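The lines below spell out each chain.
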Amino acid sequence: MVSFDPTRPDFSPYGFACVRWTPSPMRRPDHHNEIEVNMLTKGWVTYLLGGRKVRLNAGQFSVFWAAIPHQIVDFEAGMSYYVATIPFAWFLQCRLPERFVQPLLRGEVLSEKLSRERVRHDQELFTQWEIDLVNSNDEMRHVVMLEMEARLRRMGATLPAKPVQTAASAKPTRARSTALHGGELNKVEQMACLIAQRYTEQLTVTEIGKEVGLHPNYAMGLFKKAFGTTLIDYLTHHRVSHAQRLLATTDEKIVDAAFSSGFNSISRFNEAFRRACGCTPREYRRQHTATN
């Protein structure tokens, strides 16, 4: 079984893998540009993910985007669980339903409560994937990829669909095509990766576009087409999440947390934080302390 290595290089990939994971207290967050799937057959584990605590329980199949920094802060002694990591580019190419993809890209954790029969079935799947990927050839890896895609599609099918608009309530809007070719997907992944790695720096849209070889306006349009949000909002989301972690886990002054998170003014930080969290940074820290 595998546990977190605190000496691993920041943002280094785990690759396409499936392992039995032994939780341990993590002294620092981990983040890597893969979709992570957790399947618990027993026990529970609590992550600090994107600045908030998320508890996963036995009988849950859970998915999140691991580019959002995540850190195990508590768990049931003696438990272990399955962890699969899926390269982000491959995940995008699967073209899963937007109601499944978009929440993940916003940093949400999607969880499915499993029946006992489903737990046994998924346990067999993960066990087989672990075996197949240890001694794999290209053909077997392709088989596992197809099985993982099918399992994610099954989960996506259980999510509630968006409300159907009636003729009376519908507003005329221009349809947004999310179909991207391979080169565009590669550019989108590069931009998301760049932001996840360097959001605490003074990144601009111009610099992001330059780094991936695109005109800033085209870069912004391509990103919005793929992720349904702007580059600036996405960058701000990462910064607010970083500030949440600092406020929740350290005694760092609020102004220092703002600048450490990549904001260049305290007023901009306060505005972005209140809009994202519904409270001030000071209130967030007080509420978090009061609940621990």
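Whatever comes next refers back to the structure up there.
Calculation criteria
Residues numbered from 1 in each chain as written. Predicted model: local features only at pLDDT ≥ 70, side-chain atom pairs only at ≥ 80, totals over all residues. Heavy atoms only, no water. Helix = DSSP H or I, 4+ residues; strand = E, 2+ residues; numbered from the N terminus. Contact = heavy atoms within 4.5 Å. Areas by Shrake-Rupley, 256 points an atom, 1.4 Å probe, with all protein chains shown as cover. Pairing = 2+ DSSP bridges. Axes fitted to C-alpha atoms, helices over the stretch in contact; angles between N-to-C directions. Buried < 20%, exposed > 50% of the residue type's maximum accessible area, 1.4 Å probe, protein only. Polar contact = N/O pair within 3.5 Å; in protein donor to acceptor, adjacent residues only side chain to side chain. Core = buried A, V, L, I, M, F, W, Y, C linked by side-chain atoms within 4.5 Å. Parallel < 35°, antiparallel > 145°, perpendicular 65-115°, else oblique. Left-handed = near helix turned anticlockwise from the far one by under 90°. Nonpolar A, V, L, I, M, F, W, Y, C, P; charged D, E, K, R; others polar. Lys, Arg positive; Asp, Glu negative; His and termini not counted. Salt bridge = Lys/Arg side-chain N within 4 Å of Asp/Glu carboxyl O.

Asker: Help me understand the overall build of the chain, please; the structure alone is not making it clear to me.
Answerer: The secondary structure content of the chain amounts to eleven helices and eight strands. Here the analysis covers contacts within the chain between residues at least 6 apart in sequence; of these, 69% occur between residues at least 24 apart. Just so you have it, the chain exposes about 14,800 Å², and 53% of that area is on carbon and sulfur atoms.

Asker: Whenever I open this one, the sheet that holds strand 7 (residues 81–87) confuses me. Can you help?
Answerer: Backbone hydrogen bonds hold the strands of a sheet together, and the pairing may be parallel or antiparallel. Pairing is antiparallel across the open sheet formed by five strands, whose spatial order is 1-7-2-5-8. Unpaired on one side and paired on the other, strand 1 (17–21) and strand 8 (110–113) mark the two borders of the sheet. On average, each strand axis in the sheet is inclined to that of its neighbour by 15°, with strand direction left out of account. As paired elements, strand 5 (residues 60–65) and strand 8 share four bridges and run antiparallel to each other. Across the sheet, valine 63 pairs through a bridge with leucine 110, a residue of strand 8. Running over the sheet, helix 2 (residues 98–105) touches strand 5 and strand 8 and is turned about 60° from strand 5.

Asker: Whenever I open this one, the pairing of strand 1 confuses me. Can you help?
Answerer: Each regular strand displays side chains that alternate between the two surfaces of the sheet. For strand 1, a buried count of four out of five residues is recorded, marking the element as mostly surrounded by other parts of the structure. Both strand 1 and strand 7 contribute to a ladder of five bridges, which runs antiparallel. Each residue of the ladder has a partner; that of arginine 20, found in strand 7, is tyrosine 82.

Asker: Would you take a moment to explain the environment of glutamate 130 for this structure?
Answerer: Note on placement: glutamate 130 falls in helix 3 (residues 116–134). Classification of glutamate 130 as partly exposed rests on a relative accessible area of 25%. Considered as a pair, glutamate 130 and cysteine 18 are 112 residues apart in the sequence and their alpha carbons are 4.9 Å apart. Not counting the four nearest positions on each side in its chain, glutamate 130 is found in contact with Cys18, Val19, Arg20 and Tyr82. There is a polar contact of 3.4 Å between the side chain of glutamate 130 and the backbone nitrogen of arginine 20.

Asker: Honestly, the nonpolar core in this entry has me stumped. Any pointers?
Answerer: Note that soluble globular proteins tend to have their nonpolar side chains buried in a common cluster. Judged by nonpolar contacts, the single largest core of 57 residues is most densely connected at Phe91, Phe100, Met191 and Phe227. Filtering out sequence-adjacent residues up to four positions away, methionine 191 remains in contact with Ile208, Val212, Leu214, Ala219, Leu222, Phe223 and Leu231.

Asker: Where do I start with the packing of helix 3 against helix 4 (residues 138–158) in this structure?
Answerer: Packed helix pairs are specified by the crossing angle of their axes together with the interaxial distance, meaning the distance between the axes. Here helix 3 crosses helix 4 at 155°, and the two axes come no closer than 10 Å. The angle between helix 3 and helix 4 falls in the class roughly antiparallel. Once helix 3 is placed against helix 4, the crossing between them reads as left-handed. Across the interface between the two elements, Arg118, Asp122, Leu125, Trp129, Asp132 and Leu133 from helix 3 touch Met140, Arg141, Val144, Glu147, Met148, Arg151 and Arg154 from helix 4. Its residues assigned to classes, the contact of helix 3 with helix 4 shows six nonpolar, no polar and seven charged.

Asker: Would you explain helix 2 in this entry?
Answerer: A turn of α-helix holds 3.6 residues, and therefore any two residues three or four places apart point the same way. By the criterion of burial, helix 2 is predominantly enclosed, with six of the eight residues buried. Each element contacted by the buried residues of helix 2 is listed here: strand 5, helix 1 (88–93), strand 8, helix 4, helix 7 (216–227) and helix 8 (231–249). A positive backbone phi angle near 95° is found at glycine 107, which sits one or two residues after helix 2.

Asker: Which parts of the structure should I look at to understand the side chain of glutamate 36?
Answerer: With respect to the helices, strands and loops of the structure, glutamate 36 is situated in strand 2 (residues 34–40). Among buried Asp, Glu, Lys and Arg side chains, glutamate 36 stands out as unpaired, with arginine 8 the closest opposite charge at 8.6 Å. Among the polar contacts made by the side chain of glutamate 36, one reaches the side chain of asparagine 38 at a distance of 3.1 Å. Every residue in contact with glutamate 36, bar those within four places of it in the chain, is listed here: Tyr47, Ser62, Val63, Phe64, Ala66, His70, Val83 and Ala84.

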